[in-house]
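Residue-level listing of the chains:
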Amino acid sequence: MKPRPGRKNVRKPWAGRFTQSTDPTAERFTGSLAFDRRLWPWDITGSVAWAKALGRAGLLTASERDTIVRGLDAVREELATGTFPFRPELEDIHTNVERRLHDLVGDVAGKLHTGRSRNDQIALDERLYLKDVAARVAEGLRRVQEALVARAAETVEAPLPGYTHLQRAQPVVLAHHLLAYVFMLQRDRERFRDAAARADVLPLGAAALAGTAFPIDREALAQDLGFAAVSPNSLDAVSDRDYVLEFLAAGALAGMHLSRLAADLTLWATAEFGFVEFSDAFATGSSIMPQKKNPDVAELIRGKSGRLYGNLVAVLTTMKGLPLAYNSDMQEDKEPFFDSVDTLEAIVGVLPPLLATLTFRTDRMRRAAGEHFSTATDLADYLVRKGLPFRQAHEVVGRLVRYALDEGKTLEDLTLPEFRRFSPLIDDDVKDAITVEASLRARAVTGGTAPAAVRRTLALARTLIAHG
Ligand code: ARG
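All values reported here derive from a predicted model rather than from experimental measurement.

Remarks on the overall build of the protein chain
So, point 1. A count of helices and strands for the protein chain gives 19 helices and six strands.
So, point 2. Expressed along its principal axes, the backbone C-alpha trace of the protein chain runs to roughly 100 × 55 × 40 Å.
So, point 3. Here the protein chain holds 468 residues, and the buried ones make up 49% of them.
So, point 4. Long-range contacts, defined here as pairs at least 24 residues apart, represent 73% of the contacts in the protein chain between residues at least 6 apart.
So, point 5. Of the roughly 22,200 Å² of accessible surface on the protein chain, a fraction of 54% belongs to carbon and sulfur atoms.
So, point 6. If you average the places of the 61 positive and of the 62 negative side-chain charges in the protein chain, the two averages end up 1 Å apart.

Regarding the nonpolar core
So, point 1. Phe-192 and Phe-247 are the most contacted members of the largest nonpolar core, which totals 111 residues.
So, point 2. The element best represented in this core is helix 6 (residues 118-154), accounting for 16 residues.
So, point 3. Excluding residues that lie within four positions of it along the chain, Phe-247 makes contacts with Leu-130, Val-133, Ala-134, Val-137, Phe-192, Ala-195, Phe-337, Ser-340, Val-341 and Leu-344.
So, point 4. Counting 21 residues, the second largest nonpolar core, distinct from the first, contains Leu-388, Leu-400, Ala-404 and Val-430.

Notes on helix 19 (residues 451-467)
So, point 1. Relative to the 24 Å expected for 17 residues at 1.5 Å per residue, helix 19 spans 24 Å between its end C-alpha atoms, a close match to the ideal helical length.
So, point 2. Within the sequence span of helix 19, burial applies to Pro-451, Ala-453, Val-454, Thr-457, Leu-458, Ala-461 and Ile-465. An end-on view of helix 19 places all buried positions within 140° of arc, on one side of the element. The exposed residues of helix 19 that point more than 90 degrees off its buried face are Ala-466 and His-467.

Here's the deal with the site of the ligand
So, point 1. Around the ligand, the neighbouring residues are Ser-32, His-94, Arg-118, Asn-119, Ile-122, Tyr-326, Gln-331 and Lys-334.
So, point 2. Taking Asn-119, its side chain carries an N or O atom lying 2.9 Å from a nitrogen atom of the ligand.
So, point 3. Within the side chain of Tyr-326, one N or O atom sits 2.5 Å away from an oxygen atom of the ligand.
So, point 4. Among the elements that take part in the shell around the ligand, helix 6 stands out by supplying three residues, more than any other.
So, point 5. Counted by class, the shell around the ligand contains two nonpolar, four polar and two charged residues.

Structural notes on the environment of Ala-281
So, point 1. Tracing the backbone through its elements, the reader meets Ala-281 in the loop between strand 5 (276-277) and helix 11 (296-319).
So, point 2. Overall, Ala-281 belongs to the exposed group, its relative accessible area being 63%.
So, point 3. Separated by 76 residues in sequence, Ala-281 and Thr-357 place their C-alpha atoms 8.5 Å apart.

Considerations on the packing of helix 6 against helix 7 (residues 174-198)
So, point 1. In contact at an axis separation of 9 Å, helix 6 and helix 7 are set at 170° when each is read in the N-to-C sense. By the angle between their axes, helix 6 is roughly antiparallel relative to helix 7. Note on packing geometry: the crossing formed by helix 6 with helix 7 is left-handed.
So, point 2. Of the residues assigned to the contact of helix 6 with helix 7, the class counts are 18 nonpolar, two polar and seven charged.

Focus: the side chain of Thr-457
So, point 1. Within the secondary structure layout, Thr-457 lies in helix 19.
So, point 2. The class for Thr-457 is buried, based on a relative accessible area of 17%.

Examining unusual backbone geometry
So, point 1. Of note, the bond from Leu-324 into Ala-325 is cis; its omega dihedral lies within 30 degrees of zero at 5°.
So, point 2. Structurally, the position occupied by Ala-325 is in the loop between helix 11 and helix 12 (334-356).
So, point 3. If you check the backbone angles, Leu-166 has positive phi at about 55° while not being a glycine.

Quick notes on the environment of Glu-219
So, point 1. With respect to the secondary-structure elements, Glu-219 resides in helix 8 (residues 218-225).
So, point 2. Along the primary structure Glu-219 and Ser-231 are separated by 12 residues, whereas in three dimensions their C-alpha atoms are 9.9 Å apart.

A closer look at the pattern of salt bridges
So, point 1. Evaluated as defined, the whole model comprises 37 salt bridges.
So, point 2. We note a salt bridge from Asp-378 to Arg-443, for which the minimum N-O separation is 2.8 Å. Here Arg-443 lies in the loop between helix 18 (436-442) and helix 19 and Asp-378 lies in helix 14 (residues 376-385), a separation of 65 residues in the sequence. The pair formed by Asp-378 and Arg-443 is uniform in burial state, with each residue classed as buried.
So, point 3. The residue Lys-409 makes a salt bridge to Glu-418 at a minimum N-O spacing of 3.0 Å.
So, point 4. The class of Lys-409 is partly exposed, set by a relative accessible area of 27%.
So, point 5. One network of salt bridges, in which partners are shared, links Glu-78, Arg-87, Glu-89, Arg-100 and Asp-103.

As for the environment of Glu-157
So, point 1. Within the fold, Glu-157 resides in the loop between helix 6 and strand 1 (159-164).
So, point 2. Within the structure, the side chain of Glu-157 is placed 2.5 Å from the side chain of Arg-455, a separation counted as a polar contact.

Re the packing of aromatic side chains
The geometry of an aromatic ring pair is captured by the separation of the ring centres together with the interplanar angle, meaning the angle of the planes.
So, point 1. Here the structure, examined in full by the defined rule, presents 12 aromatic pairs.
So, point 2. Grouping aromatic residues by their ring pairs yields a cluster made of Trp-42, Tyr-129, Phe-192, Phe-247, Phe-337 and Phe-338.
So, point 3. For the cation-ring pair, Arg-37 lies above Phe-86, with the distance from its terminal atom to the ring centre recorded as 3.7 Å.
So, point 4. Over the ring of Phe-227 we find Lys-131, and its NZ or CZ is 4.2 Å from the ring centre.

Rules and cut-offs
- By convention here, each chain's residues receive numbers from 1 onward along its written sequence.
- In keeping with the model being predicted, local features are shown solely for residues with a pLDDT of at least 70 and side-chain atom pairs are shown and tallied solely at 80 or more, while totals for entire chains, interfaces and linings include all residues.
- With hydrogens and water set aside, each side-chain value is computed from the structure's full complement of heavy atoms.
- Secondary structure is summarised from DSSP: a helix means a run of H or I of at least four residues, a strand means a run of E of at least two, and numbering begins at the N terminus for each.
- Exposed residues in this analysis have more than 50% of their type's maximum accessible area, buried residues have under 20%, and partly exposed residues fall in between, with area computed by a 1.4 Å probe over protein chains only.
- In this analysis, two residues are considered to be in contact whenever any of their non-hydrogen atoms come within 4.5 Å of each other.
- Note on areas: Shrake-Rupley with a 1.4 Å probe; residue coverage comes only from the protein chains shown.
- Counted as positive: Lys and Arg. Counted as negative: Asp and Glu, with His and the chain ends omitted from the count.
- To locate a charge, take NZ of a lysine, CZ of an arginine, CG of an aspartate or CD of a glutamate.
- Residue types Ala, Val, Leu, Ile, Met, Phe, Trp, Tyr and Cys, when buried and joined through side-chain atoms within 4.5 Å, form a set referred to as a nonpolar core.
- Helices are assigned an expected span. That span is 1.5 Å times one less than the residue count.
- Arc, as used here, means the arc of the directions from the helix axis to the C-beta atoms.
- Note on definitions. A residue lies near a molecule or strand when any single heavy atom of the residue is within 4 Å of it.
- Any pair of nitrogen or oxygen atoms within 3.5 Å is treated as a polar contact; in protein, a donor-acceptor pairing is required on top of that, and neighbouring residues in sequence qualify only through side-chain atoms on both sides.
- Nonpolar residues are Ala, Val, Leu, Ile, Met, Phe, Trp, Tyr, Cys and Pro. Charged residues are Asp, Glu, Lys and Arg, and all others, Gly as well, are polar.
- The convention used is that axes are lines fitted to C-alpha atoms, helices contributing only their stretch in contact, and that angles between N-to-C directions extend from 0 to 180 degrees.
- In what follows, roughly perpendicular refers to angles from 65 to 115 degrees, roughly parallel to angles under 35, roughly antiparallel to angles over 145, and oblique to any angle outside these ranges.
- Left-handed is the label given to a crossing in which the near helix is rotated counterclockwise from the far helix by less than a right angle, and right-handed is the label when the rotation is clockwise.
- When a carboxyl oxygen of Asp or Glu lies within 4 Å of a side-chain nitrogen of Lys or Arg, that pair is called a salt bridge.
- Stacked, edge-to-face and tilted labels apply to pairs of Phe, Tyr and Trp rings (six-membered ring for Trp) whose centres lie within 6.5 Å, assigned for plane angles under 30 degrees, over 60, and everything in between, in that order.
- Put simply, a charge is over a ring when the Lys NZ or the Arg CZ is close to the ring centre, within 6 Å, and near the line of the ring normal, within 35 degrees.

Here it is, written out as structure tokens:
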């Protein structure tokens, strides 16, 4: 096939065995430069280390090695300053960098790819990139934790209705609710750290699939590139993408946690709840309804969990049933991977200031916390302390609640004679046992919502965030 008019006739690195040039539709279809170009910093780092390894193996003279390394430095500079001439017809970032190196240093550039394949090269780039972004996302999650802890410190004594089945259940303090998310995010940070630790294995030297045929000191190469270990099987090294999947799984879980936080805030901002108000800076208006203030940021955090799940499922599905070793299908891992990185970074960027500028309507929370028989369990516990087995106490209080509902009264409205109609164990001290404060104070167990317990948990959270 003749090159189409207007297209540059670029010689591919693999052109030797071909007699026709690539059809432009195929070229566009197979090209990955549009998305894998973001890997350039790690691609160049890998190539510099490879040039040094080739030098150590006697495959490059010291001067050839220096020329290549200096050339790669110049390419890096062009990429960093935005002057690099990207050529989409050269398929991917690896070929772009290598061809540019050739433009700059001449034929010696052709020695760089000795004993290396794009198959181990891409696995290397991805693992290096993953270690960086996992640390970045984890740090972003840490900042979200810090923002939550700051708000928790202000609200250790602020009662809030706790819910099960989205029905008012028992009072908690607002700090307790916020700290729940701090511990979820702590596990998310650990998952990113674990994923990065398992990705910390050098694939370079696996070459296309069978291992490089040159005497490369892979241990020295690993040390040079900051890897903790060397892949023990070349087929595994170029075939698996489990490291991407672990990152995506950690991202899906973090997205799930963050969607629940965002959903809480969205619900709390309704007129029906009225527990929270978003700062104007983190809300938007309606194009038709002048009175509206919409919690868009929180809604989108909730919504973005969808793409985080989708990205995980996309790559799992792509990888399923692929024969060893490398297959082009695996190029499809990049867009989902990068999308999850970008999505997570966007969420952890916007959440800390959003949280810092929330107004908590603690007066409304406090009132709601005492409504709807929220301390009925405390009344049952009171009877238990007077000697009644819990199951019987539950029954007594159930009947009391039924009675109060029929009379249109709250527990606090009931007189002592009314109480005593249901159990002679009830005395004057019952009034103090069923206040919101008493209910909170009683839950002083480790991990409970008593302000004293929450203060200890807050201290623990601060330690985890500072050191963990
Ligand atoms: N663009 C490829 C990928 O993302 C790089 C490895 C290509 N190897 C190959 N033989 N085509 O997976």
